[in-house]
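Listed here are the chains, written in short residue letters.
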Amino acid sequence: MLVLGIETSCDETGIALVDGKKVLSNIVASSVELHKAFGGVVPEVATRHHVEYQLFVLDKALKKARRSVKDIELVSVTRGPGLVGALLIGITLAKAISFALKIPLLGVNHLVAHIYANLLNEKRPPVYPFIGLIISGGHTSLYYVRDVTDFRLLGETSDDAIGESYDKVSKMLGFGYPGGPLIEKSAKGGDPFAIDFPVAELQGTHNFSFSGVKTAVLYYIKKKKEAGKRLTSKDIKNISASFQQSVNGIVIKKTLACCKEKKVSRVVVGGGVSANQNLRNRLIAASRVEGINVFFPEMKFCLDNGAMVAILGEELYKKGIRSNLSLTAEPNLVI
Ligand code: KG4
Ligand code: ZN
């Protein structure tokens, strides 16, 4: 079944064509450069970018897949969570295609799509049940997953998301946006044990809190400056490595605790922070000791993209789920 996937929840205009789990094309036009001057995503700028680029992206996706618009059999689109204006642009395109071609339409949850990016790995798709770990710019959540329609929330962040904390620390260090890849790069030359940045444990729960560690980094930098010291490049690398060590550590610990509690031996990770190599290596190593298998999306499917939206749309379609033309944006959609 040829599925068109449309993703416009934030700053990436992503459109993909997926046929029987095979990704024929996956085109992403990012507006990230336009937001850099503001230190974060400006919703109106992101929305205008989707308006301007989405037809070009669609055209490119069709050409790359060597398919015509008439070949599309199902259209799947992100309905939330995300920026309301940005979501509406993709949803409007999806509805127009569904209406014109008389093909089924599916509005999907962006967070679930991040997890289902793992199904695009033909060699090693995960099976149920598993612990779903979502680590992105807006979310940090753990789920017990028994089916595409059966996600049970085990824990979530009570304040900042992990990606958001990477972005904020990046800003403090004078790096750009998005901060995750820049912190990761800077951390490579630093000592992860140079500074102790404690992360709230929230004992007895599977919940997270990242606002404290962010403040700890802020005070560390402030103290240095007040003492009349300049941050050296070694300091910056050590701060990056130590911060990364702490936040990734708590995610690994809580994920394994969920596996233990639910007696589940599989973890499926999704969201932008799943691109972090330090997290990948450490979670795989810690899981191996416990006999747990970890699944990460391929690097090209870690960030927002249309392929993950297409594959999730097909999974839901197979379950008999459909949307109709009353589909609308749900900026605060939860799982
Ligand atoms: O999933 P995503 O593309 O968008 C949302 O749905 O939020 O995630 C974006 C987040 C940003 O906060 C970015 O800094 C973070 O993912 N990120 C990373 C890395 N690449 C992206 N964080 C840590 N290490 C990375 N390599
Ligand atoms: Zn995302």
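Residues numbered from 1 in each chain as written. Chains lettered and ligands numbered in written order. Predicted model: local features only at pLDDT ≥ 70, side-chain atom pairs only at ≥ 80, totals over all residues. Heavy atoms only, no water.

Looking at the overall build of the protein chain
Argument step 1. If you tally the helices and strands in the protein chain, you get 10 helices and 10 strands.
Argument step 2. Whereas a compact globule of 335 residues would reach a radius of gyration of roughly 20 Å, the protein chain reaches 20 Å, a difference of no more than 12%.
Argument step 3. Overall size of the protein chain, expressed as C-alpha extent along the three principal axes, is 65 × 45 × 30 Å.
Argument step 4. Counting every position in the protein chain, which comprises 335 residues, the buried fraction comes to 53%.
Argument step 5. Taking all contacts inside the protein chain whose residues are at least 6 apart in sequence as the whole, residues at least 24 apart take part in 73%.
Argument step 6. In the protein chain, 43 positive and 31 negative side-chain charges are present, and the distance between their average locations comes to 4 Å. (Helix = DSSP H or I, 4+ residues; strand = E, 2+ residues; numbered from the N terminus. Rg over C-alpha atoms; globule rule 2.2 N^0.38 Å. Buried < 20%, exposed > 50% of the residue type's maximum accessible area, 1.4 Å probe, protein only. Contact = heavy atoms within 4.5 Å. Lys, Arg positive; Asp, Glu negative; His and termini not counted. Charge placed at Lys NZ, Arg CZ, Asp CG, Glu CD.)

A look at the packing of aromatic side chains
Argument step 1. Counted under the stated rule, the structure contains six aromatic pairs.
Argument step 2. Ring centres 6.5 Å apart and planes at 40 degrees place the aromatic pair Tyr116 and Phe151 in the tilted group. Within this pair, whereas Tyr116 is found in helix H4 (residues 110–116), its partner Phe151 is found in strand S8 (residues 150–156), the two being separated by 35 residues in sequence. With respect to class, Tyr116 is no different from Phe151; both count as buried.
Argument step 3. Between Tyr166 and Phe243 the ring centres are 5.2 Å apart and the planes differ by 80 degrees, which places this aromatic pair in the edge-to-face class. Taken together, the residues span a long stretch of sequence, with Tyr166 in helix H5 (residues 162–172) and Phe243 in helix H8 (residues 233–262) at a distance of 77 residues. (Phe/Tyr/Trp six-rings, centres within 6.5 Å; stacked < 30°, edge-to-face > 60°.)

Overview of the packing of helix H2 (residues 43–65) against helix H3 (residues 84–101)
Argument step 1. Their axes nearest at 8 Å, the elements H2 and H3 cross at an angle of 30 degrees. One element, H2, and the other, H3, form an angle in the roughly parallel class. In the crossing of H2 with H3, the sense of the turn from one axis to the other is right-handed. Of H3, the residues touching H2 (which contributes Thr47, His50, Val51, Gln54, Leu55 and Leu58) are Gly85, Ala86, Ile89, Gly90, Leu93 and Ile97. (Axes fitted to C-alpha atoms, helices over the stretch in contact; angles between N-to-C directions. Parallel < 35°, antiparallel > 145°, perpendicular 65-115°, else oblique. Left-handed = near helix turned anticlockwise from the far one by under 90°.)

A short note on the state of the cysteines
Argument step 1. For the structure on display, the rule yields zero disulfides.
Argument step 2. Looking at the unpaired Cys258, the closest cysteine sulfur is the one in Cys259, lying at 7.1 Å.
Argument step 3. Just so you know, Cys302 is unpaired, no disulfide at all, and the nearest cysteine sulfur is the one on Cys10, 16 Å from it.
Argument step 4. The class of Cys302 is buried, set by a relative accessible area of 0%. (Disulfide = S-S within 2.5 Å.)

What to know about the environment of Ile311
Argument step 1. Relative to the elements of secondary structure, Ile311 occurs in helix H10 (residues 306–318).
Argument step 2. Distance from Ile311 to Met299, taken between C-alpha atoms, is 16 Å for residues 12 residues apart in sequence.
Argument step 3. Sequence-distant contacts of Ile311, defined by excluding residues within four places in its chain, comprise Val18, Lys21, Tyr116, Leu119 and Leu120.

Here we look at unusual backbone geometry
Argument step 1. Put simply, Gly80 and Pro81 share a cis peptide bond, and its omega is -10 degrees.
Argument step 2. Its place among the elements puts Pro81 in the loop between strand S4 (74–80) and H3.
Argument step 3. The omega torsion of the bond from Tyr177 to Pro178 falls at -5 degrees, within 30 degrees of zero and hence cis.
Argument step 4. Locating Pro178 in the fold gives a position in the loop between H5 and helix H6 (179–187).
Argument step 5. Even without being glycine, Lys102 reaches a positive phi, approximately 55 degrees.

Some points on the environment of Val57
Argument step 1. Along the chain, Val57 falls in helix H2.
Argument step 2. Not counting residues up to four positions away in its chain, the partners in contact with Val57 are Thr13, Ile15, Ile27 and Ala29.

Points about the pattern of salt bridges
Argument step 1. What the rule picks out here adds up to 16 salt bridges.
Argument step 2. For Asp160, the salt bridge goes to Lys168, with nearest N and O atoms at 3.3 Å.
Argument step 3. Among the residues examined, Lys168 registers a relative accessible area of 30% and is labelled partly exposed.
Argument step 4. Salt-bridge contacts for Lys168 lead to Glu164; the nearest nitrogen and oxygen are separated by 3.2 Å. Of this pair, Lys168 and Glu164 both sit in helix H5, four residues apart, roughly one helical turn. (Salt bridge = Lys/Arg side-chain N within 4 Å of Asp/Glu carboxyl O.)

Quick notes on the coordination of the zinc ion (ligand 2)
Argument step 1. Of the protein atoms, only His110 (NE2), His114 (NE2) and Asp304 (OD) coordinate the zinc ion (ligand 2), at distances of 2.0 to 2.1 Å.
Argument step 2. In the primary sequence, the donor residues of the zinc ion (ligand 2) line up as H-x3-H-x189-D. Remark: Asp304 occurs in the loop between strand S10 (293–295) and H10 and His114 occurs in helix H4; sequence separation between them is 190 residues. With respect to burial, His114 and Asp304 carry one shared label: buried. (Donors = N, O, S within 2.8 Å, 3.2 Å for Na, K, Ca; no water.)

Focus on the site of ligand 1
Argument step 1. Around ligand 1 there are 20 residues in total, and Gly137, Asp167, Gly180, Glu184 and Gly272 lie nearest to it.
Argument step 2. One of the side-chain N or O atoms of Asp304 is found 3.3 Å from an oxygen atom in ligand 1.
Argument step 3. Of all the secondary-structure elements, those providing two or more residues to the shell around ligand 1 are H4, H5 and H6.
Argument step 4. Looking at which element gives the most residues to the shell around ligand 1, the answer is H6, with four residues.
Argument step 5. Split by residue class, the shell around ligand 1 holds six nonpolar, 11 polar and three charged. (Near = heavy atom within 4 Å. Polar contact = N/O pair within 3.5 Å; in protein donor to acceptor, adjacent residues only side chain to side chain. Nonpolar A, V, L, I, M, F, W, Y, C, P; charged D, E, K, R; others polar.)

These figures come from the coordinates and say nothing about function on their own.
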